[in-house]
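# Report on the structure
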Amino acid sequence: MFGVQLLVQVAFITVHVSGVVFQDCGSAYDLTAVTIEGCEMRPPCFVTLGETVPVNIEFYARNFVSRELDQDVVLSINFVNLRPDVTPERCEVESVVCPVVINAISSLTSVMSVPTSMALNRRGFLRWRVYNESGQQVLCYSVLVQTQSPFQKLMKQLNKTG
Ligand SMILES: *[C@@H]1O[C@H](CO)[C@@H](O)[C@H](O)[C@H]1NC(C)=O
């Protein structure tokens with residue numbers, strides 16, 4: 001998703017809800033938490049074909065600020081790489097661009113549209129990269145994922161409550 005300017009909001013809360021287990025693949029900022037809606041801490045993170053999933057990251061910027069962020073997201077399932085649509089959420093105050101500030105926790109939420117054209121019941125990974133205004137990587141993580149259909153998700157929910 002190059003050319004799309006990301007809006008980042010700064011959170012002043014340092015309390016963490018538990019996120020998912022992730023692997024850092026070269027973040028310049030300190031990536032502290034990745035939260036994917038519907039995913040538990042323990043891998044794999046189940047992604048449901050056709051769903052829109054909010055994904056939140058929290059990171060700490062120690063050395064430098066960013067005015068703009070671009071992100072590049074890949075879902076790699078069954079040796080096929082797909083780029084899901086990813087839409088960053090806006091800052092709370094509209095028309096205000098929120099830069100990444102130094103020595104604070106920044107929080108960034110994006111909504112990912114899981115493609116419908118993926119193999120079911122396969123494991124792979126989600127790799128999420130964020131670049132700054134000079135095109136250099138500031139954040140990178142990957143998460144172990146497994147695909148499921150909306151019906152499978154529903155059956156799991158019914159099993160849990162029943
Ligand atoms: C972009 O990020 C790199 C780290 O990957 C950093 O060294 C560089 O200073 C950043 N550029 C700007 C303009 O902040």
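- Under the annotation held in an unreviewed UniProt entry, the protein chain carries the name MD-2-related lipid-recognition domain-containing protein and is attributed to Loxostege sticticalis.

### Re the overall build of the protein chain
- Along its length, the protein chain carries 1 helix and 11 strands.
- The N-to-C order of helical and strand elements in the protein chain reads β-β-β-β-β-β-β-β-β-β-β-α.
- Every one of the 162 residues in the protein chain was classed for burial, and the buried ones make up 43%.
- For the protein chain, the exposed surface amounts to about 9100 Å²; the carbon and sulfur share of it is 53%.

### Here we look at the nonpolar core
- Ranked by size, the top nonpolar core spans 32 residues in total, and within it Ile36 and Trp128 carry the most contacts.
- Residue assignment for this core shows that the elements contributing at least two residues are strand 3 (30-36), strand 4 (45-48), strand 5 (52-60), strand 6 (70-77), strand 9 (105-113), strand 10 (123-131) and strand 11 (137-148).
- Counting residues per element, this core draws most heavily on strand 11, at 5 residues.
- Once residues lying within four places of it in the same chain are set aside, the contact partners of tryptophan 128 are Val55, Gln71, Asp72, Val73, Val86, Ser110, Met112, Leu139, Cys140 and Tyr141.

### Some points on the layout of surface pockets
- Counted as a void, the largest pocket has a volume near 510 Å³.
- Taken together, 18 residues form the lining of the largest pocket, with Gly38, Glu40, Phe46, Gln148 and Lys160 sitting closest to its centre.
- When residues of the lining of the largest pocket are traced back to their parent elements, those giving at least two are strand 4, strand 5 and helix 1 (150-161).

### Here we look at the state of the cysteines
- Summed over all chains, the structure comprises 2 disulfides.
- Here cysteine 39 is linked by a disulfide to cysteine 45, with a sulfur-sulfur distance of 1.9 Å. What sets the handedness of the cysteine 39 and cysteine 45 disulfide is the S-S torsion sign, and at about 50° it is right-handed. Note on accessibility: cysteine 39 and cysteine 45 belong to one class, buried.

### Structural notes on the packing of aromatic side chains
- Taken as a whole and judged by the stated rule, the model has 4 aromatic pairs.
- For the pair tryptophan 128 and tyrosine 141, a centre-to-centre distance of 6.1 Å together with 10° between the ring planes defines the contact as stacked. Of the two residues, tryptophan 128 is situated in strand 10 and tyrosine 141 in strand 11; the sequence distance between them amounts to 13 residues.
- Members of the aromatic cluster, each reached through a chain of ring pairs, are Phe22, Trp128 and Tyr141.

### Quick look at the site of the ligand
- Neighbouring residues of the ligand: Ala28, Phe64, Val65, Asn132, Glu133, Ser134, Gln136, Gln137 and Val138.
- One of the backbone nitrogen or oxygen atoms of glutamine 137 is found 2.8 Å away from an oxygen atom of the ligand.
- Coverage of the ligand by the protein chains reaches 63% of its 360 Å² of free accessible surface.
- Its residues assigned to classes, the shell around the ligand shows 4 nonpolar, 4 polar and 1 charged.

### Quick word on a nonpolar patch on the surface
- Judged by side-chain polarity, Phe151, Leu154, Met155 and Leu158 come together as a nonpolar surface patch covering roughly 390 Å² of accessible area.
- On the secondary structure map, phenylalanine 151 appears in helix 1.

### What to know about the pattern of salt bridges
- All told, the structure shown has 6 salt bridges when counted by the stated rule.
- In this structure, aspartate 30 and arginine 62 form a salt bridge, with 2.5 Å as the shortest nitrogen-oxygen distance. Of this pair, aspartate 30 sits in strand 3 while arginine 62 is found in the loop between strand 5 and strand 6, placing the two residues 32 residues apart along the sequence.
- Exposure remark for aspartate 30: the relative accessible area of 30% places this residue in the partly exposed category.
- According to the relative accessible area criterion, arginine 62 is partly exposed, its value standing at 48%.
- For the salt bridge of arginine 67 with glutamate 133, the shortest nitrogen-to-oxygen distance reads 3.5 Å.

The rules behind these values
- Residues numbered from 1 in each chain as written.
- Predicted model: local features only at pLDDT ≥ 70, side-chain atom pairs only at ≥ 80, totals over all residues.
- Heavy atoms only, no water.
- Helix = DSSP H or I, 4+ residues; strand = E, 2+ residues; numbered from the N terminus.
- Buried < 20%, exposed > 50% of the residue type's maximum accessible area, 1.4 Å probe, protein only.
- Areas by Shrake-Rupley, 256 points an atom, 1.4 Å probe, with all protein chains shown as cover.
- Core = buried A, V, L, I, M, F, W, Y, C linked by side-chain atoms within 4.5 Å.
- Contact = heavy atoms within 4.5 Å.
- 1 Å grid on protein atoms, 1.4 Å probe; cavity = no way out; pocket = protein on both sides within 12 Å on 5 of 7 lines; lining within 4 Å.
- Points joined across faces, edges and corners; volume = space filled by probe spheres on them.
- Disulfide = S-S within 2.5 Å.
- Phe/Tyr/Trp six-rings, centres within 6.5 Å; stacked < 30°, edge-to-face > 60°.
- Near = heavy atom within 4 Å.
- Polar contact = N/O pair within 3.5 Å; in protein donor to acceptor, adjacent residues only side chain to side chain.
- Nonpolar A, V, L, I, M, F, W, Y, C, P; charged D, E, K, R; others polar.
- Patch = residues over 30% accessible without salt bridge, like charges linked within 9 Å, V, L, I, M, F, W, Y side chains within 5 Å.
- Salt bridge = Lys/Arg side-chain N within 4 Å of Asp/Glu carboxyl O.

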